[in-house]
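# An overview of the molecular structure
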Amino acid sequence: VVITNSVGAAVTRNDGFVLVPRPTVVSISPLQGQVGTRVTITGSNLLMGSRGIARVLLAQSSATDILSANETVIVFRAAENASAASGSIQVIADSGAVFTAPQTWVYLDASLVSAVAPASGQVGTRIVVSGERLLGGGTSIVAAQIGDVAVDVVPGGNDTFVQLVAVEHTAGVHDVVVTSSTGATATLADGFTYLAPGIILSVSPVSGQQGTTVVIQGTRLRGGASAVVSVLLAGTAVRSIVSENTTQVVAVAGTPAGVGTGDVVLVASSGALVSLDSAWEYLEPGNITDISPVQGHEGTLVTIAGSALRMGGTAVV
């Protein structure tokens, strides 16, 4: 290392600096994308003698996150760009060293979420997100969030729609974010409102058998939807729903696989769920073992013997 001043005087440090080999880029994948797209650069000497990578520029836009970096692999996320554009790929080390890859990066038109329907609901609500270029250059939607909570993604989405299923969350207005297989994201700010959850306050009776009429009372039992369309008692679908509204559901118990205690679950037309844990018990079914006499006419006194003949009720009527 030699330092020379304006009058020619010099100071030298022998072997004071090592010039490392120039970086070699083997591949960059993908070479196109949008905000959130995960980009991987592979090669050699990528750190350029430094300890890490400070920034990556794609068509002059700085990457949002450097996910990992070493001498052979750099992984980062593309930043948001004002419009579709193409340009160079520059890597800047924390030492200030720079290299420009021979490949060109292309920013695709950004994904657009145009609608979320329904725009409100609660746990279980099926939500359709509509828009344009939702796949962000990828092959599928792999994740979604409402607010800061991940929700379930139903397989089969495409560039124009994806279906989600809401999970439990606090009531309030939240952003909707979908993430494609490339890491690209699309967001609708304040796109979904979590409603206060429905609450089951009482179940009467709390036990019974096939055919028992069950009255379920509470608040917001429709879960923000237009109707309750299904009821499960200890995992068994009811035979029928006699009536339903936001505060009361009357249903007739179905035929269970066996006896036992389980949850009462109301399913709304939107898919929203309202439940109460361990609120219903299926009893041992009634069983007639003997009838005596087995024939007669009007006025004959008949004795019926068996077990559980009141079928969970207080009397045979």
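I will try to describe carefully the structure that is included in this document. (Residues numbered from 1 in each chain as written. Predicted model: local features only at pLDDT ≥ 70, side-chain atom pairs only at ≥ 80, totals over all residues. Heavy atoms only, no water.)

Of the regular secondary structure elements, the protein holds zero helices and 30 strands. Over its C-alpha trace the protein gives a radius of gyration of 33 Å, far above what one expects of a compact globule, namely 20 Å for 317 residues. For the protein, the spread of C-alpha atoms along the principal axes amounts to about 135 × 40 × 30 Å. By the burial criterion, 35% of the 317 residues in the protein qualify as buried. When contacts within the protein are restricted to residue pairs at least 6 apart in sequence, those whose partners lie at least 24 apart make up 56%. As presented, the protein carries roughly 16,800 Å² of accessible surface, and 53% of it is formed by carbon and sulfur atoms. Put simply, the protein has 12 plus and 20 minus side-chain charges, and the middle of one group is 9 Å from the middle of the other. (Helix = DSSP H or I, 4+ residues; strand = E, 2+ residues; numbered from the N terminus. Rg over C-alpha atoms; globule rule 2.2 N^0.38 Å. Buried < 20%, exposed > 50% of the residue type's maximum accessible area, 1.4 Å probe, protein only. Contact = heavy atoms within 4.5 Å. Areas by Shrake-Rupley, 256 points an atom, 1.4 Å probe, with all protein chains shown as cover. Lys, Arg positive; Asp, Glu negative; His and termini not counted. Charge placed at Lys NZ, Arg CZ, Asp CG, Glu CD.)

Looking now at the pairing of strand 5 (residues 38–44). Across the two faces of strand 5 the burial differs, with Val 39, Ile 41 and Gly 43 buried and Arg 38, Thr 40, Thr 42 and Ser 44 not buried at all. In the sheet, strand 3 (residues 24–29) pairs with strand 5 via five bridges, with the strands oriented antiparallel. Note on strand 5: the bridge partner recorded for Ile 28 is Ile 41. In this sheet, strand 9 (residues 73–77) lies alongside strand 5 in antiparallel orientation, the contact comprising five bridges. The partner of Thr 42 across the bridge, within strand 9, is Val 73. (Pairing = 2+ DSSP bridges.)

Time to look at the sheet that holds strand 20 (residues 199–204). Within a sheet, adjacent strands bond to each other through the backbone by hydrogen bonds, running parallel or antiparallel. If you trace the four strands from one edge of the open sheet to the other, you get 20-22-26-25, paired in antiparallel fashion. Both outer strands of the open sheet, strand 20 and strand 25 (240–244), are each paired with one neighbouring strand and no more. Within the sheet, the average angular offset between the axes of one strand and its neighbour, ignoring direction, is 20°. For strand 22 (residues 213–219) and strand 26 (residues 248–252), the ladder comprises five bridges, and the chain directions are antiparallel. Bridge pairing in strand 26 places Val 214 opposite Ala 251. (Axes fitted to C-alpha atoms, helices over the stretch in contact; angles between N-to-C directions.)

The next thing to look at is the pairing of strand 26. Here strand 26 lies mainly inside the structure; four of its five residues are buried. Where strand 25 hands over to strand 26, the hairpin turn is made up of three residues, counted between the paired strands.

This next bit is on unusual backbone geometry. In the segment running from Ala 117 into Pro 118, the intervening peptide bond is cis, with an omega of -5°. By secondary structure assignment, the location of Pro 118 is in the loop between strand 12 (112–117) and strand 13 (120–121). Backbone torsion omega between Ser 204 and Pro 205 reads -10°, so that peptide bond is classified as cis. Within the secondary structure layout, Pro 205 lies in the loop between strand 20 and strand 21 (207–208). One non-glycine residue, Asp 190, adopts positive backbone phi at about 55°. Mapped onto the elements, Asp 190 comes out in strand 19 (residues 185–194). Judged by relative accessible area, which is 54%, Asp 190 ranks as exposed.

Moving on, we come to the nonpolar core. Most often, soluble globular proteins keep nonpolar side chains buried together rather than apart. Counting 23 residues, the largest nonpolar core has Ile 41, Leu 58, Phe 76, Val 91 and Trp 105 as the members making the most contacts within it. Sequence-distant contacts of Leu 58, that is, excluding residues within four places in its chain, are made with Val 39, Phe 76, Ala 78, Ser 88, Ile 89, Trp 105 and Tyr 107. Ile 127, Leu 134, Val 167 and Phe 192 belong to the second-largest nonpolar core, a separate cluster that totals 19 residues. (Core = buried A, V, L, I, M, F, W, Y, C linked by side-chain atoms within 4.5 Å.)

Mapped onto the secondary structure, Thr 236 falls in strand 24 (residues 236–237). Ignoring anything within four residues of it in the chain, the contact list for Thr 236 reads Val 231, Gly 254, Thr 255, Pro 256, Ala 257 and Tyr 282.

Quick look at the pattern of salt bridges now. Pairs may arise between side chains of opposite charge once their charged atoms sit close together. Applying the stated criterion across every chain yields a total of two salt bridges. Of the charged contacts in the structure, one is a salt bridge between Arg 222 and Glu 244, with a shortest N-O distance of 2.8 Å. With Arg 222 in the loop between strand 22 and strand 23 (228–233) and Glu 244 in strand 25, this pair connects stretches of sequence that are 22 residues apart. (Salt bridge = Lys/Arg side-chain N within 4 Å of Asp/Glu carboxyl O.)

Following the criterion strictly, the structure yields three aromatic pairs and no others. Considering the side-chain rings of Phe 192 and Tyr 194, the 5.2 Å spacing of their centres and the 85° angle between planes classify their relative orientation as edge-to-face. In terms of burial, Phe 192 and Tyr 194 fall into one category: buried. Centroid distance Trp 280 to Tyr 282: 5.6 Å. Interplanar angle 85°. Geometry classified as edge-to-face. Judged on exposure class, the residue Trp 280 and its partner Tyr 282 are both buried. (Phe/Tyr/Trp six-rings, centres within 6.5 Å; stacked < 30°, edge-to-face > 60°.)

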